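Observations on chain architecture
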Amino acid sequence: MKKEICRKGSIIGLADDQSMAKGCTRAFHEQGTTMQQSEQLWHALEKEAVCAALQVSDDGLSTTESESRLSKYGYNRLPLPKKRAWYTRLGGHINNALIYIMLVASALTFLLGHHVDAFVIFLVIVVNTLIGYVQEGRAEKALEAIRGMMAPHASVLRDGKRAGVEADAIVPGDIVLLEAGDRIPVDLRLLHTRFLKIDEAALTGESVPVEKEAIAVPEQTPLAEQSDMAFSGTFVTSGQGLGVTVRTGAATELGRINEMLSDVMLLKTPLLQQMDTLAKRLTFIILGVAALLFVFAYYVRNYELVDAFMTVVGFAVAVVPEGLPAVMTIALAIGVHRMAQRKAIIRRLPAVETLGAVSVICSDKTGTLTCNEMTVRQLVTADFSVVVNGTGYAPNGTFEKDGFHMDPSSNEHTMEICQAALLCNDASLRQNGNSWQVNGDPMEGALVTLALKAGYDQDNSRKEVPRLDEIPFDAAHRFMATLHHDHEMARAFMVVKGAPEQILTMCDKARSMSGDRLIDIDFWTNQMEMLAAQGERVLALAVRDMPQGTMGLTFDDAMSGLTLLGFVGLIDPPRSEAIAAVRECRNAGIRVVMITGDHAATALAIARQLGLADNPKALTGKDLDSMSTEELQLTAREITVFARANPEHKLRLIRALQEDGAIIAMTGDGVNDAPALKQANVGVAMGNKGTEVAKEASEMVLADDNFASIAAAVREGRTVYDNLQKVIAWTLPTNVGEVLAIIVAVMFGLAMPLTPVQILWINMVTSVALGLVLAFEPTEPGTMQRPPRRIGDSIITPFMLWRIVFVSTMFMCATFGIYYHALSKGLPIEAAHTLVVNVIVVLEIFYLFSVRYVHGTSLTLRGVIGTPPVLIGVIVITAAQLFLTYMPLLQNAFGTHSVKLEDGILVILIGIVFLLIIECEKRIRQIYLGRQVENFLKTVKSTE
């Protein structure tokens, strides 16, 4: 029934007790203390003290006073962040050693007269720069999304009358009236509540609406338990309330999160850090070697100045991997597409690779690791316990007693509990396709599901035993009671549901199979503690027969004389697929840490069911506050569950783990998660229940809110990195082989085996086309059985360095071998150059088949046949080489010449011999490494 919210002369008209309003007036006149915005612990103050501190009377603020405070405190808005100028942001993406190398390559290519290739190199630079620039701009939308959460309108008390005002005009001391559906515009100290429940999931992570009351709580009470406060950006789900504004704008909890979010700096991904290091080293090597080469050619070999310069140009063109950034970008884009098929939407391209380096996943509990659907797990009676199977709100599941299947209809006591759960209940279930949805409180929805599993029909059962009256649930008395009349049995009875510690004080008997008996408080207290230790929320159900003809309920009817039916244990169960995903992550050397706003006991119970650790340990936000940064780093290595964590706790945890060398993936859905999501190496937001703030602060969005999708994304991230390493391991030996040919030619006074333009053809055309196919390689076996790569590891591993030296030496030998073979046959210099270009491309093709399997042999049917992208790439490059060799237009442009069939066969034979040598080297290395591992294990065993 709708009641008047306000009337002149009192602050609230929906309650009979108006002492609170008079108390505000009295405190205002007697104390008149000064106002404070943010530092005051408002939740710990009594209502009268709050009103006095804010100098507000029961009529609210006057219009004049509100205007004065508005000029003093400013509008109720979140401050705009300082933005860098567009040219500063753009310059930050150009200031990169690899970009400079590519610019030099573009300029040199242009000077060589190859304008098209120069344009392609420059276009790659522009595209890469613009992508980074645009992505950085999108990250700033997280702050705009938070500012959009401020409520646009609100109802306040001004001059003793209810008035609608713009939310940004609310000032400290304004009295705000709350109703179901309202978005709270400021931080409020509640003065009065009536069945008030607020959804604070976006701010605290609590999975169910929080019951509010206007009673002060201790100073050390965590944010999630401050029941006398209402926070900006949260929603009223039911009931009514009234509160005085204590914080506005940037001083609110939402404002503090906004400030933390703006202070978080975006981190470079491991790959970008490694590529920056590689680019700087390449720059140093190129400049140094180019200078030495020029000096040697000009002063020692007496080259003409122009020839010496062109030699250096050929060296630079050969050593710069012009196509590598383009192939890397495409490889990341392919990873994005694959992850999208696994319900993981990538918002920022580098995050694809970063996922492959993740060593710790910090996951929210509700909805990510769990189903976010409350489920009745156990029924406890005076005689026995029943396990209820099934998850979610679908009425599918069985009952088990002592490990054996039980038909609930065969046990009158069980059926009575299920009927009571259905009758003392305001929720209902509705089927929508294959899913079931709750209209009402999630916990009450779980009780309806329990009754449906037992065989009750929610509509017919409620009609057969109609409700005549009720006492709604209130945090003050912590129970709900309903009066029913069973026409068939001519019986009136009351059903009571509520907190077990409260219901136990109202019962004098307990239902038993042998008849009702006196209640054993110790027994029921132990049962309650046992259920709570398992992470279950406990509700008690009781009944009382009422005199025939009773038509109404009073509190006195419910406060004594009840018969306890039993306890119901409810839990938000873990997702079955999340359990498998956690196991996969642990096998891959990835720690999974739960960060939640829930109670430690509940979180630990879920952690055990998920298998997060063999012996999971918990740390609360209160414990964390007392730790130094060094202590937190040490403790965080062993902790599996961080409970009662607020936004500052989450941010501090992420930073502590990162400073300890971990690469963090952080999941979240609420506004309170946004700073940690942005700080994490990979922020992962929920697509279904996640707020826009969380999505904008993240690098990845889970379309199905499922932790299993994170594990799949990590697998794809590792695959992307493996493929990128294959691209680099394939590209660099080719370039270094060309460089060695140029250096050897200068040192020994030999003719150049190929021209700079031909080098550019190999690097830009064949390298991009062939290197690109490696980006499509599938996940190799054992990818999720190896530990994450270390953050400090170089992208050029010792093995890759050896491969570069070994393979490039063979490239150089093949280059000079075929070159002088052609000259010895009397072929023109153009034909010799053409054979060199073709032998390098053929070696690249055969090396492509070898590098696809770094740890295994390529001499298998699958290895020889390859994947469709590999076959397409080989066909395209073969056709391109035929055009280069025999098409007059390309012959004129690149200085090539037609070759005979037998010379072409010789080129292919060189490629086959090269592949056999590489595979033999791979096999010898595997045998050597196997012996090393075996000796190591023997040493360890002997030590033990």
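Residues numbered from 1 in each chain as written. Predicted model: local features only at pLDDT ≥ 70, side-chain atom pairs only at ≥ 80, totals over all residues. Heavy atoms only, no water.

**So, the sheet that holds strand 9 (residues 360-363)**
Ordered in space as 8-28-27-26-9-23-25-24, the eight strands form an open sheet in which the pairing is mixed. Each edge of the open sheet carries a strand with a single partner, namely strand 8 (344-346) and strand 24 (618-620). Direction aside, neighbouring strands of the sheet carry axes that sit 20 degrees apart on average. Direction of pairing for strand 26 (residues 664-668) relative to strand 27 (residues 682-686): parallel, over a ladder of four bridges. Its bridge partner lying in strand 27, Ala 665 is registered against Val 682. (Pairing = 2+ DSSP bridges. Helix = DSSP H or I, 4+ residues; strand = E, 2+ residues; numbered from the N terminus. Axes fitted to C-alpha atoms, helices over the stretch in contact; angles between N-to-C directions.)

**Quick look at the packing of aromatic side chains**
The full count for this structure, using the stated rule, is 11 aromatic pairs. Ring plane angle 90 degrees and centroid distance 4.9 Å describe the contact between Tyr 298 and Tyr 299, whose orientation is recorded as edge-to-face. Using a relative accessible area of 57% as the deciding quantity, one classes Tyr 299 as exposed. On the basis of an interplanar angle of 70 degrees and a centroid distance of 6.1 Å, the ring pair of Tyr 847 and Phe 914 is categorised as edge-to-face. Taken together, the residues span a long stretch of sequence, with Tyr 847 in helix 31 (residues 829-851) and Phe 914 in helix 35 (residues 901-943) at a distance of 67 residues. Like Phe 914, Tyr 847 is buried. What links up through ring pairs into an aromatic cluster is the set Phe 294, Tyr 298 and Tyr 299. Here the basic side chain of Arg 77 rests over the ring of Tyr 75, its NZ or CZ set 4.3 Å away from the ring centre. Its guanidinium or amino end placed over the ring of Phe 493, Arg 491 lies 4.1 Å from that ring's centre, counting from NZ or CZ. (Phe/Tyr/Trp six-rings, centres within 6.5 Å; stacked < 30°, edge-to-face > 60°. Buried < 20%, exposed > 50% of the residue type's maximum accessible area, 1.4 Å probe, protein only. Lys NZ or Arg CZ within 6 Å of the ring centre and 35° of its normal.)

**Points about the nonpolar core**
Grouped together as the largest cluster of nonpolar side chains are 67 residues, with contacts concentrated most on Phe 315, Ile 796 and Phe 914. The dominant element in this core, judged by the number of residues it contributes, is helix 31, at 15 residues. Those residues in contact with Phe 315 that lie beyond four places of it in its chain are Ile 286, Val 289, Ala 290, Leu 293, Val 739, Ile 742 and Ile 743. (Core = buried A, V, L, I, M, F, W, Y, C linked by side-chain atoms within 4.5 Å. Contact = heavy atoms within 4.5 Å.)

**Focus on unusual backbone geometry**
The phi angle at Phe 195 is positive, at roughly 55 degrees, despite the residue not being glycine. Within the secondary structure layout, Phe 195 lies in strand 4 (residues 187-199). Of the residues examined, Phe 195 reaches a relative accessible area of 27% and is grouped as partly exposed. One non-glycine residue, Arg 478, lies in positive phi territory at about 60 degrees. Among the structural elements, Arg 478 can be located in the loop between strand 16 (467-471) and strand 17 (479-486).

**Here we look at the side chain of Gln 458**
Among the secondary structure elements, Gln 458 is positioned in helix 17 (residues 458-464). What makes Gln 458 buried here is its relative accessible area of 7%. At a separation of 2.7 Å, a polar atom in the side chain of Gln 458 contacts the main-chain carbonyl oxygen of Leu 429. If we skip the residues at most four places from it in the chain, Gln 458 touches Leu 422, Ser 428, Leu 429, Arg 430, Val 448 and Leu 452. (Polar contact = N/O pair within 3.5 Å; in protein donor to acceptor, adjacent residues only side chain to side chain.)

**Observations regarding the pairing of strand 26**
Taking burial as the measure, the five residues of strand 26 include five buried ones, the bulk of the element. Of the two faces of strand 26, the one holding Ile 664, Met 666 and Gly 668 and the one holding Ala 665 and Thr 667 are both buried throughout. Direction of pairing for strand 9 relative to strand 26: parallel, over a ladder of three bridges. The partner of Ile 361 across the bridge, within strand 26, is Ala 665.

**Some remarks on the environment of Ala 308**
Following the sequence through the fold, Ala 308 ends up in helix 11 (residues 305-319). For Ala 308, the residues in contact, after removing those within four places along its chain, are Phe 294, Ala 297, Tyr 298 and Tyr 303.

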